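Below, each chain spelled out in residue letters.
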Amino acid sequence: QVQLVESGGGLVRPGGSLRLSCAASGFTLDYYAIAWFRQAPEKEREGVSCVSSGDVNTYYGDSVKVRFTISRDNAKNTVYLQMNNLKPEDTAVYYCASKVPPPGLTHSCRGYEYDYWGQGTQVTVSS
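Visitor: Give me the lowdown on the overall build of the protein, citing residues and values where you can.
Guide: From N to C terminus, the protein includes zero helices and 11 strands. Across the protein, helices and strands are ordered from the amino to the carboxyl terminus as β-β-β-β-β-β-β-β-β-β-β. A compact globule built from 127 residues should have a C-alpha radius of gyration of about 14 Å, and the protein, at 14 Å, falls within 12% of that. Projected onto its principal axes, the C-alpha coordinates of the protein cover approximately 45 × 25 × 25 Å. The centroid of the 12 positive side-chain charges in the protein is displaced by 5 Å from the centroid of its 12 negative side-chain charges.

Dropping the structure here:
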C-alpha cells in the first residue's frame with residue numbers, strides 16, 4: 001500500500017525556518033522522483049522543488065532558490081524540505097509527491113505527472 005505522509009508544518013515568523021518531512025511506505029523511495037508542491041488559498045498549485053531518482057538532479061522554483069533545500073534519507077525512506085528565511089508569501093499547504101522515473105527520464109524530476117500524493121501540511125508565515 002503506497003502512502004506518503006507529510007509533517008513538520010506550522011506557524012512561523014518571517015525569517016524563521018521549518019523542516020518538512022515526507023515519510024513513504026509501500027515502496028522504496030530511493031527509486032522514485034520526489035517533488036514538493038504548494039497551494040495557497042484561491043491560487044493554483046505550484047512546484048517548489050524536486051529530486052530525481054538516485055539524487056542525480058534537483059530543481060528549485062525561482063522564488064525558493066537558496067532558501068529551500070530538498071534532501072533524502074534512504075535509510076528512513078523519508079524526504080525533507082528544509083525551508084529557511086521564510087516569507088509570508090510562502091504560506092500554503094505543502095504536498096509531497098512521488099513518481100517512478102519514466103523511460104529515458106531516470107535522472108529528471110520534471111516534465112511528467114506525479115502518481116502518489118500525501119495529504120498536505122499547512123505552513124503559515126506571519127508576524
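Here the narrative resumes, following the displayed structure.
Visitor: So, the state of the cysteines: which residues are in play, and what are the values?
Guide: The tally for this structure, following the rule as stated, stands at two disulfides. For C22, the disulfide goes to C96, at an S-S distance of 1.9 Å. A torsion of 60° about the S-S bond marks the disulfide between C22 and C96 as right-handed. Taken as a pair, C22 in strand β3 (residues 18–25) and C96 in strand β9 (residues 92–99) lie far apart in primary sequence, 74 residues in all. Both residues of the pair, C22 and C96, count as buried. The disulfide that involves C50 links it to C109, with 2.1 Å between the sulfurs. Sign of the S-S torsion, about 60° for the bond between C50 and C109, identifies this disulfide as right-handed. Residue C50 is located in strand β5 (residues 46–51), and its partner C109 is located in the loop between β9 and β10 (116–117); the two are separated by 59 residues in the primary sequence.

Visitor: Could you give me a rundown of the environment of Y31, with the residues and numbers involved?
Guide: Along the chain, Y31 falls in the loop between β3 and β4 (33–39). Distance in space between the C-alpha atoms of Y31 and P101 is 7.8 Å, their sequence separation being 70 residues. Look past the residues within four positions of Y31 in its chain and what remains in contact with it is S53 and P101.

Visitor: Would you mind going over the nonpolar core in detail, with residue names and values included?
Guide: Soluble globular proteins tend to bury their nonpolar side chains together. Judged by nonpolar contacts, the single largest core of 27 residues is most densely connected at W36, F68, L81, M83 and Y94. For this core, the leading source of residues is β3, giving four residues. Apart from residues lying up to four places away in sequence, F68 is in contact with R38, V48, Y60, L81, Q82, M83, N84, L86, D90 and Y94. Listed in part, the eight residues of the second largest apolar core include A33, F37, C50 and Y114.

Visitor: How would you summarise the side chain of N77 if you had to cite specific residues and measurements?
Guide: With respect to the helices, strands and loops of the structure, N77 is situated in the loop between β7 (68–73) and β8 (78–83). Ignoring anything within four residues of it in the chain, the contact list for N77 reads C22, A23, A24, S25, F27, T28 and L29.

Visitor: Kindly report on the pattern of salt bridges, identifying the contributing residues and their values.
Guide: Per the counting criterion, the structure on display carries six salt bridges. Residue R72 is joined to D55 by a salt bridge in which the shortest nitrogen-to-oxygen separation is 2.9 Å. In this pair, R72 sits in strand β7 while D55 sits in the loop between β5 and β6 (58–60), placing the two residues 17 residues apart along the sequence. For R72, a relative accessible area of 12% gives the class buried. A salt bridge links D115 to K99; the nearest nitrogen and oxygen atoms lie 3.2 Å apart. Pair noted here: D115 is in the loop between β9 and β10 and K99 is in strand β9, with a separation of 16 residues, a long-range link.

Each value, and the rule that gives it
- Residues numbered from 1 in each chain as written.
- Predicted model: local features only at pLDDT ≥ 70, side-chain atom pairs only at ≥ 80, totals over all residues.
- Heavy atoms only, no water.
- Helix = DSSP H or I, 4+ residues; strand = E, 2+ residues; numbered from the N terminus.
- Rg over C-alpha atoms; globule rule 2.2 N^0.38 Å.
- Lys, Arg positive; Asp, Glu negative; His and termini not counted.
- Charge placed at Lys NZ, Arg CZ, Asp CG, Glu CD.
- Disulfide = S-S within 2.5 Å.
- Buried < 20%, exposed > 50% of the residue type's maximum accessible area, 1.4 Å probe, protein only.
- Contact = heavy atoms within 4.5 Å.
- Core = buried A, V, L, I, M, F, W, Y, C linked by side-chain atoms within 4.5 Å.
- Salt bridge = Lys/Arg side-chain N within 4 Å of Asp/Glu carboxyl O.

On their own, these measurements won't tell you what the molecule is for.
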